[in-house]
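Each chain, written out:
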Amino acid sequence: MPIKAVVWDIDDTIFDYARADSTGMQAHLTAEGLLERYESAERALDRWRELTERHWARFGAGGVTFQEQRRDRVRDFMDAPALSDDDADAWFERYVGHYESAWSLFPDTLPTLDELAGEYRHAVLSNSALVVQDRKLTVLGVRDRFEAVLCAADLGVSKPAAEAFLAVCAHLGLAPAEIAYVGDQPEIDARGARDAGLLGIWLDRNGSAGDGPTGVHRIGALSELPALLRADTRFGAPSTFG
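One structure accompanies this document, and this report is about it. Computed from a predicted model, the values in this text were never measured in an experiment.

Cut-off values and rules
- Residues numbered from 1 in each chain as written.
- Predicted model: local features only at pLDDT ≥ 70, side-chain atom pairs only at ≥ 80, totals over all residues.
- Heavy atoms only, no water.
- Phe/Tyr/Trp six-rings, centres within 6.5 Å; stacked < 30°, edge-to-face > 60°.
- Helix = DSSP H or I, 4+ residues; strand = E, 2+ residues; numbered from the N terminus.
- Buried < 20%, exposed > 50% of the residue type's maximum accessible area, 1.4 Å probe, protein only.
- Lys NZ or Arg CZ within 6 Å of the ring centre and 35° of its normal.
- Axes fitted to C-alpha atoms, helices over the stretch in contact; angles between N-to-C directions.
- Left-handed = near helix turned anticlockwise from the far one by under 90°.
- Contact = heavy atoms within 4.5 Å.
- Nonpolar A, V, L, I, M, F, W, Y, C, P; charged D, E, K, R; others polar.
- Pairing = 2+ DSSP bridges.
- 1 Å grid on protein atoms, 1.4 Å probe; cavity = no way out; pocket = protein on both sides within 12 Å on 5 of 7 lines; lining within 4 Å.
- Points joined across faces, edges and corners; volume = space filled by probe spheres on them.
- Right-handed = clockwise from strand over helix to strand, strands pointing away.

## Here we look at the packing of aromatic side chains
Using the criterion set out here, one finds 17 aromatic pairs in the structure. Ring centres of tyrosine 38 and phenylalanine 77 lie 5.4 Å apart, and the angle between their planes is 25°; on these two criteria the pair is classed as stacked. Of this pair, tyrosine 38 sits in the loop between helix H1 (17-32) and helix H2 (41-60) while phenylalanine 77 is found in helix H3 (residues 66-78), placing the two residues 39 residues apart along the sequence. The class for phenylalanine 77 is buried, based on a relative accessible area of 2%. By way of ring pairs, the aromatic residues Phe15, Tyr17, Tyr38, Trp48, Phe77, Trp91, Phe92, Tyr95, Tyr99 and Trp103 are connected into one cluster. Directly above the aromatic system of phenylalanine 106 lies the positively charged group of arginine 205, at a separation of 3.7 Å from the ring centroid.

Here's what the structure looks like:
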């Protein structure tokens, strides 16, 4: 059964989230006069990343809503548990303004989408919210490249749960085996896709140590994706990819 569609993660896969987040948060903390609370900008950014990971995990597990995890990140970062919802929302929106000014696609995103455009259908499955990711793709000029954008906050289930991957399969009207999923997280993206019956592809831009999950393919750049998809490696052809 040949691959007919590629489903994409967004953040740190096609969009350089880490750079935008770091650049945006540093500008935000400077504007808010908060950098002096930390020994360095790096310490402040490390704390923000730590809190982002913690509260995203709570959201992914269904413990809080998308908006609540944002507010809790702000309260923890500011060490202000009594901060009102309105004040937390306003603080986060000021950060978003700086963050969005640093948005950019990875250099290999558009060339890869162009190369694959005529051969495969394309969609997005993200662990964020549609209101966030649809706008992001629109601002970045690539929303029309994807026939569907599905997000955890709207589906009510997040990766790596099989139900999230199967939801996009159902939306496209394709069997899991007809879809490749590409994402930067080896467990959440690649293993989750594999377990749901899709072709799991781990985009390892940083050259991580170790082999990663079994039964998935690893690429170091999106430029490697077209050759991998055309090789039909899942069905017995030799592969040059990890």
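## With respect to the packing of H2 against H3
Between H2 and H3, the least distance of the axes is 9 Å, while the angle of their chain directions is 150°. With respect to the hand of their crossing, H2 and H3 are arranged in right-handed fashion. Two secondary-structure elements touch here, H2 through Ala44, Arg47, Trp48, Leu51, Thr52, Arg54, His55, Trp56, Arg58 and Phe59 and H3 through Phe66, Gln69, Asp72, Arg73, Asp76 and Phe77. Partitioned by chemical class, the residues of the contact of H2 with H3 number 7 nonpolar, 3 polar and 6 charged.

## Notes on the sheet that holds strand S5 (residues 199-203)
With parallel pairing, 6 strands are arranged side by side in an open sheet as S3-S2-S1-S4-S5-S6. Looking along the sheet, the strands with just one partner apiece sit at the ends: strand S3 (148-151) and strand S6 (217-219). For this sheet, the mean inter-axis angle between neighbouring strands, taken without regard to orientation, is 25°. Here S5 runs beside S6; their pairing, made up of 3 bridges, is parallel. Directly across from tryptophan 202, in S6, lies its bridge partner arginine 218. Contacting strand S2 (121-126) and S3, helix H6 (residues 130-139) crosses the sheet at an angle of about 145° to S3. Its contacts with the sheet place helix H9 (residues 186-195) against strand S4 (179-183) and S5, and it is angled at close to 165° to S5.

## Some details on the layout of surface pockets
Of the voids in this model, the largest pocket is the one considered here, and its volume is about 1300 Å³. Going through the elements one at a time, H1, H2, H3, helix H4 (85-100), H6, H9 and S5 are the ones with two or more residues in the lining of the largest pocket. Residue composition of the lining of the largest pocket, by class: 18 nonpolar, 10 polar and 18 charged.

## Let's talk about the side chain of threonine 52
Position of threonine 52 relative to the elements: it lies in helix H2. The class of threonine 52 is buried, set by a relative accessible area of 9%. Setting aside residues no more than four positions away along its own chain, threonine 52 makes contact with Tyr17 and Arg73.

## Concerning the pairing of S4
With 5 of 5 residues buried, S4 is to be regarded as a mostly interior element. In this structure, strand S1 (residues 5-8) lies alongside S4, joined through 4 bridges in parallel fashion. Its bridge partner lying in S4, alanine 5 is registered against isoleucine 179. Sheet topology note: the S4/S5 ladder contains 4 bridges and is parallel. Its bridge partner being in S5, tyrosine 181 is matched across the sheet by glycine 200. Traced from S4 through H9 to S5, the parallel crossover comes out right-handed.

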